[in-house]
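The chain contents come next:
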Amino acid sequence: QVQLVESGGGLVQAGGSLRLTCSASGLTFSTDAAGWFRQAPGKEREFVAALTRSGGTTFVADSVKGRFTISRDNAKNTVYLQMNSLKPEDTAVYYCAATGRYSTNYSYTYLYDYWGQGTQVTVSS
């Protein structure tokens, strides 16, 4: 059983930064891509960013482009999300995910096989 655990969330003021970490435990696995999604109360889960295993292809949502950066350490089965210039509208539970499926677009939730339980990010104004 593969488990993904997010950490690094918390409360920050607008304009601040946070670095989220997604660590895998259990069986090691090869994935084609890893991603981050977020969900605010009353809203559907939305795509944030994704990265192929090779790191050669990045997918970033327009809402966070230029502010968030996704990275991956395959040796550690760890994915990071560096979040800068945070805004109150970034407040949400952030989930990491991984998939062994190939796609040309990793922004869809249905592609992902493994999900973490989420970490809360709250940005105050």
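Structure shown above.
Note that the coordinates shown come from a computational prediction; the quantities given were computed from them, not determined experimentally.

### Description of the side chain of Asp90
Consideration 1: As for its placement among the helices and strands, Asp90 is situated in the loop between β8 (78-83) and β9 (92-99).
Consideration 2: In this structure the side chain of Asp90 is engaged in a polar contact, spanning 2.7 Å, whose partner is the side chain of Arg67.
Consideration 3: Beyond its immediate chain neighbours, meaning those up to four positions away, Asp90 contacts Arg38, Val64, Arg67, Phe68, Ser85, Val121 and Val123.

### As for the pairing of β8
Consideration 1: Counting buried positions along β8 gives 5 out of 6 residues, so the element sits mostly inside the fold.
Consideration 2: Sheet topology note: the strand β7 (residues 68-73)/β8 ladder contains 6 bridges and is antiparallel. Bridge pairing links Ile70 to Leu81 in β8.
Consideration 3: If you look at the hairpin formed by β7 and β8, you'll find 4 residues sitting between the two strands, and Asn77 has a positive phi there, around 50 degrees.

### Focus on the environment of Gln3
Consideration 1: One can find Gln3 in strand β1 (residues 2-7).
Consideration 2: With 61 residues separating them in the primary sequence, Gln3 and Val64 have C-alpha atoms 26 Å apart.

### Section: the environment of Tyr112
Consideration 1: Tracing the chain through its elements places Tyr112 in the loop between β9 and β10 (114-115).
Consideration 2: Since its relative accessible area comes to 6%, Tyr112 is described here as buried.
Consideration 3: Sequence-wise, Tyr112 and Ser85 are 27 residues apart; in three dimensions their C-alpha atoms are separated by 28 Å.
Consideration 4: Ignoring any residue separated from it by four or fewer positions in sequence, one finds Tyr112 in contact with Ala33, Ala34, Gly35, Phe37, Ala50, Ala97, Ala98, Thr99 and Tyr106.

Thresholds applied
Residues numbered from 1 in each chain as written. Predicted model: local features only at pLDDT ≥ 70, side-chain atom pairs only at ≥ 80, totals over all residues. Heavy atoms only, no water. Helix = DSSP H or I, 4+ residues; strand = E, 2+ residues; numbered from the N terminus. Polar contact = N/O pair within 3.5 Å; in protein donor to acceptor, adjacent residues only side chain to side chain. Contact = heavy atoms within 4.5 Å. Buried < 20%, exposed > 50% of the residue type's maximum accessible area, 1.4 Å probe, protein only. Pairing = 2+ DSSP bridges.

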